[in-house]
Amino acid sequence: MGIGKVESSDAELVGRVRAGDISAYGALVARYRDRLGRYAVHMIGDREDAEEALQDSFVRAYRSLGRCTDPARFGAWLYGILVNRCRTTGARAARRRRVFVAADEFDRATPNGPDELERLEWADLVERALARLGPEHREAFLLKHVEDLEYEEMAEVTGAGVSALKMRVKRAREQLQKLLTEARHV
Amino acid sequence: MSDGDELVERVIEQLRRPVGIDPALDARVLREIAADARPEAALRAKPRMIWPWLAVAAVLAAVIVARPWARRDVAGETPFQFVLVAPQAASVSLVGDFNDWDPNRAPMQVAHGVWAAVVQLPPGRYRYAFLVNGVEWRSDPTAPHASDDEFGTPSSVVTVTGGGT
């Protein structure tokens, strides 16, 4: 899938924004909100911090739209801004206890039967394992396997080399397997 | 597929589920950028009106040593001269946080291969770059490089202090 050209042209919307049509930017925000939001939530681990990072990334992108040299690839450019913003927030938040997304779900929902309880427990396990990965490994794993980026796109977005990224993804997979296997045997 | 791989596939499936971002975020973003847009629209009109003066100032300034002026100007703004030596360039624009990175707002003037432009800057930290021939982004070789390079193009930083630099 990747983050290349999107069906109804990002370039067209970026052009309208540059001509002063703010509502066109609203369309871009709506288009990328959920996907980028998912990355931010998993990367940072705290919903409130993640939404703040996401909002800030959209605003920063708008203010620097003149630097988007290939408007057809607005999505990839936006990812780069968010990845950078999540690194800053993540470094700051690492000093605090992570509030897990799945734990949030536990708070909000009353499990409806054993299946639902099992799903929530699994979600909690996954978030905890993810949180134990180093930020570089978590970032690479999420971009590759959850956001479906190609390695070349990941290199563009993260500034890391392709071979380093492949190594990070491999290590992240190994660590997740180990952490989850241990957790299930506790 | 090994047990370990199956486990990771289940992790991926879990992480791909929607996380339910607050849809009101869209409105918050638009409110914030709309608040930006109004003063910027007013600023946009200003350089056009004073452009003839800026053009004259830029050409004169090109023969002067390439450093910011220390003199304070009206309304707390400081005139800053930006200079790039690029004898082969056909055009150079100054783009930055102060002009929305719009290459049409600060085309630079050339004299003997030295491109120059002067802009009025209130106190603050600004990122900027030079756009050469409309396609090539260059940072300022005489200024600190911006560390926040997530936008994918090189840029430099200038800090305008309250008392001038």
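Residues numbered from 1 in each chain as written. Chains lettered and ligands numbered in written order. Predicted model: local features only at pLDDT ≥ 70, side-chain atom pairs only at ≥ 80, totals over all residues.

### Some remarks on the overall build of chain B
- Along the backbone of chain B there are two helices and seven strands.
- Listing each helix as α and each strand as β along chain B from the N terminus yields α-α-β-β-β-β-β-β-β.
- Looking at chain B residue by residue over its 165 residues, the buried ones come to 28%.
- Long-range contacts, defined as pairs at least 24 residues apart, comprise 60% of the intrachain contacts of chain B with a sequence gap of at least 6. (Helix = DSSP H or I, 4+ residues; strand = E, 2+ residues; numbered from the N terminus. Buried ≥ 20, exposed ≤ 12 C-beta atoms within 10 Å, placed from the backbone. Contact = placed C-beta atoms within 7 Å.)

### Section: the overall build of chain A
- The helix and strand tally for chain A stands at nine helices and zero strands.
- In chain A, the succession of α and β elements from N to C terminus is α-α-α-α-α-α-α-α-α.
- The burial tally for chain A puts 44% of its 186 residues in the buried class.
- Sequence-distant contacts in chain A: of pairs separated by 6 or more residues, those separated by 24 or more amount to 69%.

### So, helix α3 (residues 47-63) of chain A
- The terminal C-alpha atoms of α3(A), which comprises 17 residues, lie 24 Å apart, in line with the 24 Å expected from a rise of 1.5 Å per residue.
- Listed in full, the buried residues belonging to α3(A) are Asp49(A), Ala50(A), Glu51(A), Ala53(A), Leu54(A), Gln55(A), Ser57(A), Phe58(A), Ala61(A) and Tyr62(A). (Expected span 1.5 Å × (residues − 1).)

### Concerning the sheet that holds strand β1 (residues 78-85) of chain B
Residue and element names in this part refer to chain B.
- Spatially, three strands are ordered β1-β4-β3 in an open sheet, and the strand pairing comes out antiparallel. Each having just a single partner strand, β1 and β3 (109-111) make up the two edges of the open sheet. If you compare each strand with its neighbour and ignore which way they point, the axes differ by 30° on average.
- Pairing geometry for β1 and strand β4 (residues 114-121), over eight bridges, is antiparallel. Paired with phenylalanine 82 across the bridge in β4 is alanine 117. (Pairing = 2+ DSSP bridges. Axes fitted to C-alpha atoms, helices over the stretch in contact; angles between N-to-C directions.)

### Focus on the interface of chain B and chain A
- Between chain B and chain A, the contact holds 30 residues from the first and 37 residues from the second.
- Secondary structure elements with two or more residues in the side of chain B that touches chain A: α1 (3-15) and α2 (24-61) of chain B.
- Ranked by residue count, the leading element in the side of chain B that touches chain A is α2(B), at ten residues.
- Residue composition of the side of chain B that touches chain A, grouped by class: 17 nonpolar, four polar and nine charged. (Nonpolar A, V, L, I, M, F, W, Y, C, P; charged D, E, K, R; others polar.)

### Quick look at the confidence of the model for chain B
Residue and element names in this part refer to chain B.
- When pLDDT is averaged across chain B, the result is 76; 72% of the residues are at 70 or more.
- Strand β2 (residues 92-96) holds the highest mean pLDDT among the elements of chain B, 92, whereas α2 holds the lowest, 61.
- Overall, residues 38-50 carries pLDDT values under 50, and its contacts beyond four positions in sequence, including any with other chains, amount to three contacts.
- Segment residues 63-71: pLDDT under 50, and 13 contacts once partners within four positions in sequence are set aside and those in other chains are kept.
- With a pTM of 0.67, the predicted complex shows an ipTM of 0.83. (pLDDT = per-residue confidence, 0-100.)

### Details of the nonpolar core
- Counting 54 residues, the largest nonpolar core has Ala40(A), Leu54(A), Leu78(A) and Leu82(A) as the members making the most contacts within it.
- Contacts of Ala40(A), omitting those with residues within four sequence positions, involve Ala50(A), Ala53(A), Leu54(A), Leu82(A) and Cys86(A).
- Of all hydrophobic cores here, the second largest spans 23 residues; its members include Phe82(B), Val119(B), Tyr128(B) and Val160(B). (Core = buried A, V, L, I, M, F, W, Y, C linked by C-beta atoms within 7 Å.)

### Details of the packing of helix α1 (residues 10-18) of chain A against helix α2 (residues 22-44) of chain A
Residues and elements named next belong to chain A.
- Two numbers describe how α1 lies on α2: the axes approach to 7 Å, and their chain directions differ by 145°. Pair α1 / α2 crosses with left-handed handedness. Residue-level inspection shows Asp10, Leu13, Arg16 and Val17 of α1 in contact with α2, the latter providing Ala24, Tyr25, Ala27 and Leu28.
- Looking at the contact of α1 with α2, its residues break down into six nonpolar, no polar and two charged. (Left-handed = near helix turned anticlockwise from the far one by under 90°.)

### Comments concerning the packing of helix α9 (residues 162-184) of chain A against α1(B)
- Orientation of α9(A) relative to α1(B), taken along the N-to-C sense of each, is 95°, at an axis distance of 9 Å. Taken together, α9(A) and α1(B) sit at an angle that is classed as roughly perpendicular. Only Gly4(B), Leu7(B), Val8(B) and Val11(B) of α1(B) make contact with α9(A), whose side of the interface consists of Arg173(A), Leu176(A), Gln177(A), Leu180(A) and Thr181(A).
- Here the residues of the contact of α9(A) with α1(B) are counted per class, giving five nonpolar, three polar and one charged. (Parallel < 35°, antiparallel > 145°, perpendicular 65-115°, else oblique.)

### Some words on helix α8 (residues 151-158) of chain A
Residue and element names in this part refer to chain A.
- Buried within α8 we find Glu153, Met154, Val157 and Thr158. End-on view of α8: buried residues confined to an arc of 115°, all on one side of the axis.
- Just downstream of α8 lies glycine 159, where phi reads positive at about 80°. (Arc of directions from axis to C-beta.)

### What about the environment of Ser147(B)?
- Along the chain, Ser147(B) turns up in the loop between β6 (136-138) and β7 (156-160).
- Sequence spacing of Ser147(B) and Arg127(B) is 20 residues, and the spatial spacing of their C-alpha atoms is 9.8 Å.

### Topic: the pairing of β2(B)
Residues and elements named next belong to chain B.
- Extensive coverage of β2 is indicated by the burial of five of its five residues.
- In β2, alternate side chains face the same way, and those of Val92, Leu94 and Gly96 on one face and Ser93 and Val95 on the other are all buried.
- The pairing of β2 with strand β5 (residues 124-132) spans five bridges and is classified as antiparallel. Each bridged residue has a counterpart across the sheet, and for leucine 94 the counterpart in β5 is phenylalanine 130.

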